[in-house]
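Chain by chain, the residues run as shown.
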Amino acid sequence: MKTRGASFFLQLAFTLIVCAFLIVPVLLSMLAGLTENYLVGIGSGLTLKWVANVWDNYRDTMFLSLGLAVACLACTLVIGVPAAYVLAKRQNMFTRAVEELLVMPVAVPGLATALALIVTYGALRGFRTSWTFILVGHVLFTLPFMVRSVLAVMSAIDLKTLEEGAASLGAGFRQRFFHIVLPNCRSGIVAGSLMVLTLSVGEFNMTWLLHTPLNKTLPVGLADAYASLRLEIGSAYTLVFFIMIVPLLLAMQAIATPRKPRPVRREDETP
Amino acid sequence: MSQTSDAREKPLSIVLEKCAKTFADGTRALEPVDLAINGGETIVFLGPSGCGKTTTLRIIAGLEQPDAGGRVLFDGEDVTNLAIEKRNVGMVFQSYALFPNMTVAGNIGYGLRIKGWSKADLAKRVTEMLALMRIERLADRAIDQLSGGQRQRVALARALAVRPRALLLDEPLTALDARLREDLRVEIDDLLRSLNITTIYVTHDQAEAMALGDRIVVMQQGRVAQIGTPRDIYQQPANAFVAEFVGTMNKLSGRVEGGIFVTAGGRMPWPEAPAGATRVMFRPEDVSIAVSDGHLNGTIASLFFLGDRVRLFVDVGDAQPIVIEASNRRKLSRGDRIGLSVDPRSFVAIDH
C-alpha cells in the first residue's frame, strides 16, 4: 500500500476538526434536552420529561410549522413552476428583469420584507392575525429557490425541441406540459421542493415579526423557549425539531433519486 | 379504415405559395418561395447552413408561420394557420427530440396515446413499428441507454407510428458517424420507397441528397437556386453556386476562338461554345489522361491515393488546379507533366 504523507493526515485532521466543530454543538444540544439537570451534567441522569414538556406546550407550533411548509410548497409549486416555464421559454429583457426581481426577498433582510408586509396589510385585522399572513412572507422568501431550481433544469434540457416533437405527434399545450415538460423537470421540481420545505420550516427572521401570540411557528417557539425557560426545554425542543425535519429530508432525497421510465405493457404481455 | 395497415388512398401533395420568413429580429431567413411537392415523392432541401432549408421545412411542419401573404396548401386545402399538432405530419429532428421520461415503446406509442387509441391497438401498432425498424429488443430501454443510430430508428418509428400525411426529416443523419450514416441512408431510402409517403428531407450533405431525393431543391441565401432531379442538378447546374455545391467541379477561364476554348493550359475543342464564354466547367470524371499531349497540359501538384483510384490536383496555369481521378494502375507522382483531354459534351458554361 502506498504510504500516506504528512499532508494527508493534516488534511484528515482538519476535516475532522471542522466536522466536530459543526456536529458537537448539535449533539450537545440534543443531549442537553435529555439531561435531568444540565448544570449538574449528564451525571444527573437521562430523562424524557423535557421532551414531554415541549410536546405539551409547543405541539401547536410544530403543527403550524409543518402546515405552513406544506402550504408554502403548494403555493411555490403552483406559482413557481409555470413562472419558470415562461422564463425558460421567453428570454427577453422583461423576463430577465422578472428573474432578478424574484430574488429580491432573499437579498433584502427578512425583517425589512416583514415590515413592508405589516405596513401594507397590517390594517386588515383578519388577515394580519391569520396564519396565511405568515404564509405570504414564506412564499415571497422561498419562491426564488423553486423558480431557480426548476429554471436550471429547464435550461439544461432542450425543452423547445422536446415540445415540438410532442406537438408534431398531435399533443396540444396541456398534454405537452403535463406529459413532457413536468416529468422532464422532475429533478428540478424535487430539488426546489426540498429547499422550500426546509427554508419554510426553519425561517425565523421574517416570521418573528409576522407572528402573533396565537400563531407561533417552531423556530419562534424555540427562541421563546430559550429566552424564557430552562435550557433543557429549549434543547429538548431542538431535539424534536431534528426528529421532525430529518425524516422529511430523507424522504425527499429518496424521491429525488432518478427513476427509470416505467415500461409500457406490450401486446405479448397482455393476459 | 383498418387501424394497422399502412395503405393510404393517395399521398399528400404540398404547395407553398410565396412563403417568406422574416424573424422577429429582422433577419430575412427566406425570400418568397413557390414550391409544389407531388404526392408520394421524396424531395430534398439541400444547401449550406443558413440557406433557409430548415425554415422552409418548419413552415411546412407548422412550427413557423410564413410572413403575411404566404400560404401552405395540403392537397389544395389552406393549412397556413393550422398548428403543427393539427397537421398530422411526422417529424424527425436533428437532435431526435426523444422523450427521456418514456421508454422506447412509450415514445413510439405517444402519438397514438394522444389520439386516444385503445391499449390493445396501441400495443399492436408499437410492436409493428418496432419490427419495421428492427428494434424489438430495445422496447423497454430508456432513451439514454440508446446509441445514436438506435435513437434515429426510434425517432423514425415514432414519427411513422401515427401514420402521418407527410414525413419531415431535419438533418436526421448529421449527428451520426460516417459509416452508420451510409447504412441508415440506404435503410431510409428502402423504407420511404415501400411506404409511398410524401417525404421532405433537409440536409447539407449532397451525397445524401443525391441518394435519397426524387427531386432536389438546392437553396442559397434564402432563395431556391434550382429544383430538379439529382441528374439534372449534377449535369445541368443552373448557376455556379449549384455547380460547386453539388459534387466537385473544375473551372477554367479563357476565351472562345472559333470552336476552341483557349486557356492558359492549352486549347480545348468546344464546338457548341456559347458566344463570348469566358469560363468553362466540367466534372473530374469527364477528364481522361491522354497518352501523349492532350488538350490541356499541366503538372501534378498533389495526389491522394483513395484505394480504388487516385485523385490528382493538376496545375494547368489557372488560378486553381483542376481535380481529376485516375486508375491507380498508372505510376504517377508529384511533379509529373501530364496531358488531359476533356469530353466537350460535358462542358457547362456559366458566367457570373
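Student: Describe the interface of chain A and chain B, naming the residues involved and giving the relevant values.
Tutor: At the junction of the two partners, chain A supplies 27 residues and chain B supplies 33 residues. Applying the counting rule to chain A against chain B returns two salt bridges. Note that R58 of chain B and E164 of chain A form a salt bridge whose closest N and O atoms lie 2.6 Å from each other. Put simply, the parts of the chain that give the side of chain A that touches chain B at least two residues each are helix 8 (159-168) and helix 9 (173-184) of chain A. Among the elements that line the side of chain A that touches chain B, the one with the most residues is helix 8 of chain A, at eight residues. Within the side of chain A that touches chain B, the residues separate by chemical class into ten nonpolar, eight polar and nine charged.

Student: Kindly report on the environment of E182 of chain B, identifying the contributing residues and their values.
Tutor: Residue and element names in this part refer to chain B. Of note, E182 is situated in helix 6 (residues 178-195). On the basis of relative accessibility, which here comes to 41%, the residue E182 falls in the partly exposed class. Along the chain, E182 and S288 lie 106 residues apart, while their C-alpha atoms are 29 Å from each other.

Student: Lay out the pattern of salt bridges in plain terms, naming residues and giving numbers.
Tutor: According to the stated counting rule, one finds 28 salt bridges over all chains in the structure shown. Here R267 of chain B makes a salt bridge to E257 of chain B, at a shortest N to O gap of 3.9 Å. With a gap of ten residues between them, R267 of chain B in strand 13 (residues 266-269) and E257 of chain B in strand 11 (residues 250-257) connect regions that are remote in the sequence. Three or more residues are tied together by salt bridges with common partners; here these are K160 and E164 of chain A together with K21, R58 and E64 of chain B.

Student: Talk me through the nonpolar core; I want residue IDs and the actual numbers.
Tutor: Of all hydrophobic cores here, the largest spans 56 residues; its most connected members are F99, V104, I108, Y110, L156, L160 and L167 of chain B. For this core, the leading source of residues is helix 5 (residues 148-161) of chain B, giving seven residues. With residues near it in sequence (within four places) discarded, Y110 of chain B still touches A166, L169, A171, Q175, H179 and I180 of chain A together with F99 and M102 of chain B. A84, L117, F141 and I189 of chain A belong to the second largest nonpolar core, which has 53 residues in total.

Student: An account of the domain arrangement of chain B is requested, with residue identities and associated values reported.
Tutor: How big an interface is tends to be stated in terms of the accessible area lost upon association of its parts. Residues and elements named next belong to chain B. Looking at the assigned domains, one finds that chain B contains domain 1 (14-244) and domain 2 (251-346). The straight-line distance from the C-alpha centre of domain 1 to that of domain 2 is 40 Å. Taken together, the five residues of domain 1 in the interface contact five residues of domain 2. Overall, the association of domain 1 and domain 2 removes approximately 440 Å² of surface from exposure, summing both partners, and the carbon and sulfur fraction of that is 39%. Of all residues in domain 1, Y234, A243 and E244 give up the largest surface area on contact with domain 2, accounting jointly for 85% of the area buried on that side. Where domain 1 touches domain 2, the interface holds one salt bridge. Note that K251 is salt-bridged to E244, the shortest N-O span being 3.0 Å. For the side of domain 1 that touches domain 2, the elements supplying multiple residues, two or more each, are helix 8 (230-235) and helix 9 (240-245). For the side of domain 1 that touches domain 2, the element with the highest residue contribution is helix 9, accounting for three residues.

Student: Can you explain the packing of aromatic side chains? Please cite residues and give values.
Tutor: As enumerated under the stated definition, the model contains 17 aromatic pairs over all chains in all. Seen from their ring centres, F261 of chain B and W270 of chain B are 5.7 Å apart, and the 75 degrees between their planes marks the pair as edge-to-face. Considered together, F261 of chain B and W270 of chain B belong to a single accessibility category, that of buried residues. Seen in terms of ring centroids, W270 of chain B and F347 of chain B are 5.1 Å apart; in terms of plane orientation they differ by 85 degrees. Their pairing is edge-to-face. With W270 of chain B in the loop between strand 13 and strand 14 (279-282) and F347 of chain B in the segment after strand 19 (337-342), this pair connects stretches of sequence that are 77 residues apart. Each member of the pair, W270 of chain B together with F347 of chain B, is buried. Chaining the aromatic ring pairs together yields one cluster made of Y85, F173, F177 and F178 of chain A. Taking NZ or CZ as reference, R158 of chain B lies 4.5 Å from the ring centre of F99 of chain B, over its face. Positioned above the aromatic ring of Y234 of chain B is the side chain of R283 of chain B, whose terminal nitrogen or guanidinium carbon lies 3.8 Å from the ring centre.

Student: An account of helix 8 of chain A is needed here, citing residue identities and associated values.
Tutor: Residue and element names in this part refer to chain A. The element helix 8 is extensively covered by neighbouring structure, given that nine of its ten residues are classed as buried. What helix 8 keeps buried is the set L159, T161, L162, E163, E164, G165, A166, A167 and S168. Downstream of helix 8 by one or two residues, G170 has phi in the positive range, about 105 degrees.

Student: Please set out the packing of helix 5 of chain B against helix 6 of chain B residue by residue, giving values where relevant.
Tutor: Residues and elements named next belong to chain B. In the contact formed by helix 5 and helix 6, the axes pass within 11 Å of each other and the chain directions differ by 15 degrees. Taken together, the axes of helix 5 and helix 6 lie roughly parallel to each other. In the packing of helix 5 onto helix 6, the handedness of the crossing is right-handed. Within the contact between the two elements, helix 5 uses G149, Q152, R153, L156 and L160 and helix 6 uses L180, L184, E187, I188, L191 and L195.

Student: Could you give an account of the sheet that holds strand 10 (residues 223-228) of chain B, naming the residues involved and the relevant values?
Tutor: Backbone hydrogen bonds hold the strands of a sheet together, and the pairing may be parallel or antiparallel. Residues and elements named next belong to chain B. On the basis of which strands lie adjacent, the open sheet formed by six strands has the order 6-7-8-3-9-10 and mixed pairing. With partners counted over all chains shown, the strands left at the sheet margins are strand 6 (89-92) and strand 10, one partner each. Taken over all neighbouring pairs, the strand axes of this sheet differ in orientation by 15 degrees on average, direction set aside.

Student: Residue-level account of the sheet that holds strand 1 (residues 14-22) of chain B, with values.
Tutor: All names here are of chain B. Spatial ordering of the open sheet is given by 2-1-4-5, a layout of four strands whose pairing is antiparallel. Strands at the two margins of the open sheet, each flanked by one partner only, are strand 2 (28-37) and strand 5 (77-78). As paired strands, strand 1 and strand 2 are joined by six bridges and run antiparallel to one another. Directly across from V15, in strand 2, lies its bridge partner A36. Each of strand 1, strand 2 and strand 4 (71-74) is contacted by helix 1 (residues 53-61), which is oriented at about 120 degrees to strand 1, the strand it contacts most.

Student: So, the side chain of R185 of chain B: which residues are in play, and what are the values?
Tutor: Mapped onto the elements of the fold, R185 of chain B is located in helix 6. When residues no more than four places from it in sequence are discounted, the contact partners of R185 of chain B are L173, A207, E208, A211 and L212 of chain B.

Student: Tell me what's going on with helix 4 (residues 119-132) of chain B, and back it up with residues and numbers.
Tutor: Residue and element names in this part refer to chain B. In this model helix 4 runs 20 Å from its N-terminal to its C-terminal C-alpha over 14 residues, within 8% of the 20 Å that 1.5 Å per residue would give. Among all positions in helix 4, only L122, A123, R125, V126, M129 and L130 are buried. On an axial view of helix 4, the arc spanned by its buried residues comes to 165 degrees, and they lie on one face. In this structure, the buried residues of helix 4 make contact with helix 3 (104-114) and helix 5.

Cut-offs and rules
- Residues numbered from 1 in each chain as written.
- Chains lettered and ligands numbered in written order.
- Predicted model: local features only at pLDDT ≥ 70, side-chain atom pairs only at ≥ 80, totals over all residues.
- Heavy atoms only, no water.
- Contact = heavy atoms within 4.5 Å.
- Salt bridge = Lys/Arg side-chain N within 4 Å of Asp/Glu carboxyl O.
- Helix = DSSP H or I, 4+ residues; strand = E, 2+ residues; numbered from the N terminus.
- Nonpolar A, V, L, I, M, F, W, Y, C, P; charged D, E, K, R; others polar.
- Buried < 20%, exposed > 50% of the residue type's maximum accessible area, 1.4 Å probe, protein only.
- Core = buried A, V, L, I, M, F, W, Y, C linked by side-chain atoms within 4.5 Å.
- Domains from an automatic or database assignment.
- Buried area = accessible area lost by both parts, 1.4 Å probe.
- Phe/Tyr/Trp six-rings, centres within 6.5 Å; stacked < 30°, edge-to-face > 60°.
- Lys NZ or Arg CZ within 6 Å of the ring centre and 35° of its normal.
- Axes fitted to C-alpha atoms, helices over the stretch in contact; angles between N-to-C directions.
- Parallel < 35°, antiparallel > 145°, perpendicular 65-115°, else oblique.
- Left-handed = near helix turned anticlockwise from the far one by under 90°.
- Pairing = 2+ DSSP bridges.
- Expected span 1.5 Å × (residues − 1).
- Arc of directions from axis to C-beta.

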